[in-house]
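Each chain, written out:
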Amino acid sequence: MTSSAAVTLPLSHLFPLSAGLSSEGRLAFDGIDVLDLAREFGTPLYIYDAQTVRAQCAAFRSAFETAYEDSFVVYGAKAFVNRPFARLIADQGLGFDAVSGGEIAVLRASGVDMSTVYFHGNNKGADELELAVEAGIGRIVIDNIDEIAKADGAAAAAGREQPVLLRISPGIDGHTHEKTTTGIIDTKFGVPIATGAAEAAVRAILDAPHLRFRGLHMHLGSPIFELGPYELAIEVISEFIAGVCRDRLGAEVQELSPGGGFAIGQGDGREPPAPEQYAKVIAGTLEREADRRGFPLPRLTIEPGRAIAARAGVALYTVGARKDVPGVRTYVSVDGGMADNIRPAMYEARYEALAAERPLAAVEETVTISGKYCESGDVLVRDAELPVLRDGELLAIPASGAYQLSMASNYNFAYRPAVVLVDGGEARLIRRRETAEDLMALDID
Ligand SMILES: *Cc1c(COP(=O)(O)O)cnc(C)c1O
């Protein structure tokens, strides 16, 4: 990192904080050259930068703790989790959102304090509820009326009193993709206020002998680039807190979570608000509403997933076949694709790519980066501006840390990629690449 240290890396706002140039002029993380990483661990490879994870955790903690004294940050583990990654997050003082028995099992095996874990989901199984209660989970976030009796039954069987939140669907549009909006009335998530269902649900929780009503939750979708939806949703829920929970049911809302959904820079030119801006609007609206309506300030819990993990992760591929369709498009294929990143195919997620071995090389053409799997929709980046890529060279896609590996599949019997964590100038393998034996391990002859 000598002669080139002063040169700015292209797309540096999308790459992890430790990204830079190696002494050979290649992309490097914490000074570790991508070519060395590719030689040691193979491609496709997912590289996570511990420094960025820590910085994002600290940014959300400090923004919210500054804006609102009683606040707590939990990481939406479905963005990406495994045992070492969970420990890294827990060490920063965050709790966790889990959405399945599998995630609860991983968090438990990681040794995280289960009382900091929130269990979400619109159709939690009886076995999952039992596991959650038995593991001593901090909160079950009740998603619908039917779940109340199931959760109460699980708590009764374990001989516990289980603290719960109720997920409200506030009827607010987060203005994100239709597949990722969750706060509107027409969604499978949460209990609507408008129909009276939310009031009935709070009443049923209060009547459940083994559940303790702690408060309310909502999640508007993701990513949410606007601040307005959070403000509107907190206004709507505040009216419910005062007008229904307090005045009609005599229930105190001790905790409120406006969910996650905080946006990141992703290469489409849109600027995400800073954590401070989200914090200011969320805390400011809640304080104003509590003051105006005269209810005590609840604990504020926020749940960033993407905003913690996305920028920390980079996908590294090796370039392979090239296909020119004159006058139409040029396809450049890499050794991964929709099996490790379904997001472009599923909801038109936009990415950028960088020639990792010569990041400063001039742009020469516009190509489509395609994957290697048997679907025409297996495209990673449409219209990427790159130098003419050679067969065998490395390509890096930044902002790859969230909802890629956690949605990865074995389609075409792909081996899911290895994951390395770069920390303090060292690269540590935290998940090995799958093998053919892994793919067959569950078969019974
Ligand atoms: C997925 C999810 C989150 C995290 O969302 P991000 O967009 O990754 O911040 C938070 N809360 C709930 C309930 C979720 O389902």
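Here the structure is shown first, and the text comes after it.
Since this is a predicted model, take the numbers as computed values, not measurements.

Caption draft 1: Fine view of the sheet that holds strand E1 (residues 19–21). With antiparallel pairing, the three strands of this open sheet are ordered in space as E1-E2-E3. Two strands close off the open sheet at either side, each with one partner strand: E1 and strand E3 (32–33).

Caption draft 2: Spatial organisation of the pairing of strand E15 (residues 329–334). Bridge count for strand E14 (residues 313–325) against E15 is five bridges, and the pairing is antiparallel. When the sheet's bridge partners are listed, Asp 324 is paired in E15 with Thr 330. Counting the residues between successive antiparallel strands, the hairpin from E14 to E15 contains three residues, one of them, Gly 327, with a positive phi of roughly 80°. The pairing of E15 with strand E17 (residues 365–370) spans three bridges and is classified as parallel. Across the sheet, the residue bridging to Tyr 331 is Thr 368, located in E17.

Caption draft 3: Focus on the site of the ligand. Inspection of the region around the ligand gives 15 residues, with Lys 78, Ser 222, Glu 303, Arg 306 and Tyr 403 positioned closest. Between the ligand and the protein, one listed contact pairs an oxygen atom with a side-chain N or O atom of Lys 78 at 2.7 Å. About the coverage of the ligand: the protein hides 95% of its 390 Å² of free accessible area. Among the residues making up the shell around the ligand, the classes are represented as three nonpolar, seven polar and five charged.

Caption draft 4: Region of the structure containing the pairing of strand E21 (residues 426–431). Alignment of strand E20 (residues 418–423) against E21, held across five bridges, turns out to be antiparallel. Bridging across to E21, Val 419 finds its partner in Arg 431.

Caption draft 5: Highlighting the pattern of salt bridges. This structure, assessed with the given rule, holds 24 salt bridges. With a shortest N-O distance of 2.7 Å, Arg 246 and Asp 247 are connected by a salt bridge. Take Arg 246: its relative accessible area is 32%, and that puts it in the partly exposed class. Among the salt bridges present, the one from Glu 434 reaches Arg 431, with a minimum N-O distance of 3.6 Å. One connected set of salt bridges, linked through shared partners, spans Glu 24, Arg 26 and Asp 33.

Caption draft 6: Structural context of the packing of aromatic side chains. Counted by the stated rule, this structure contains 11 aromatic pairs. Where Phe 60 meets Phe 262, the ring centres are 5.4 Å apart and the plane angle is 35°; that geometry is what we call tilted. Here Phe 60 is found in helix H2 (residues 50–67), whereas its partner Phe 262 is found in the loop between strand E12 (255–259) and helix H9 (275–293), with 202 residues between them in sequence. Each member of the pair, Phe 60 as well as Phe 262, is classed as buried. Here Tyr 230 and Tyr 278 contribute two aromatic rings whose centre-to-centre distance is 5.6 Å and whose plane-to-plane angle is 80°, an arrangement assigned as edge-to-face. Pair noted here: Tyr 230 is in helix H8 (residues 228–246) and Tyr 278 is in helix H9, with a separation of 48 residues, a long-range link. Judged by its relative accessible area of 1%, Tyr 230 is buried. Lying across the ring of Phe 119, Lys 124 places its NZ or CZ 5.6 Å from the centre.

Caption draft 7: How the structure looks around H8. Between its terminal C-alpha atoms H8 stretches 26 Å, which fits the 27 Å expected from 19 residues at 1.5 Å a residue. Taken as a whole, H8 carries its principal kink of about 25° at Phe 240. Every buried residue of H8 is accounted for by Pro 229, Tyr 230, Ala 233, Ile 234, Ile 237, Ser 238, Phe 240, Ile 241, Ala 242, Val 244 and Cys 245. Tucked into the core, H8 has its buried residues touching strand E9 (162–169), helix H7 (197–207), strand E11 (211–217), E12 and H9.

Calculation notes
- Residues numbered from 1 in each chain as written.
- Predicted model: local features only at pLDDT ≥ 70, side-chain atom pairs only at ≥ 80, totals over all residues.
- Heavy atoms only, no water.
- Pairing = 2+ DSSP bridges.
- Helix = DSSP H or I, 4+ residues; strand = E, 2+ residues; numbered from the N terminus.
- Near = heavy atom within 4 Å.
- Polar contact = N/O pair within 3.5 Å; in protein donor to acceptor, adjacent residues only side chain to side chain.
- Areas by Shrake-Rupley, 256 points an atom, 1.4 Å probe, with all protein chains shown as cover.
- Nonpolar A, V, L, I, M, F, W, Y, C, P; charged D, E, K, R; others polar.
- Salt bridge = Lys/Arg side-chain N within 4 Å of Asp/Glu carboxyl O.
- Buried < 20%, exposed > 50% of the residue type's maximum accessible area, 1.4 Å probe, protein only.
- Phe/Tyr/Trp six-rings, centres within 6.5 Å; stacked < 30°, edge-to-face > 60°.
- Lys NZ or Arg CZ within 6 Å of the ring centre and 35° of its normal.
- Expected span 1.5 Å × (residues − 1).
- Bend = angle between axes of the 7 residues up to and from the residue.
- Contact = heavy atoms within 4.5 Å.

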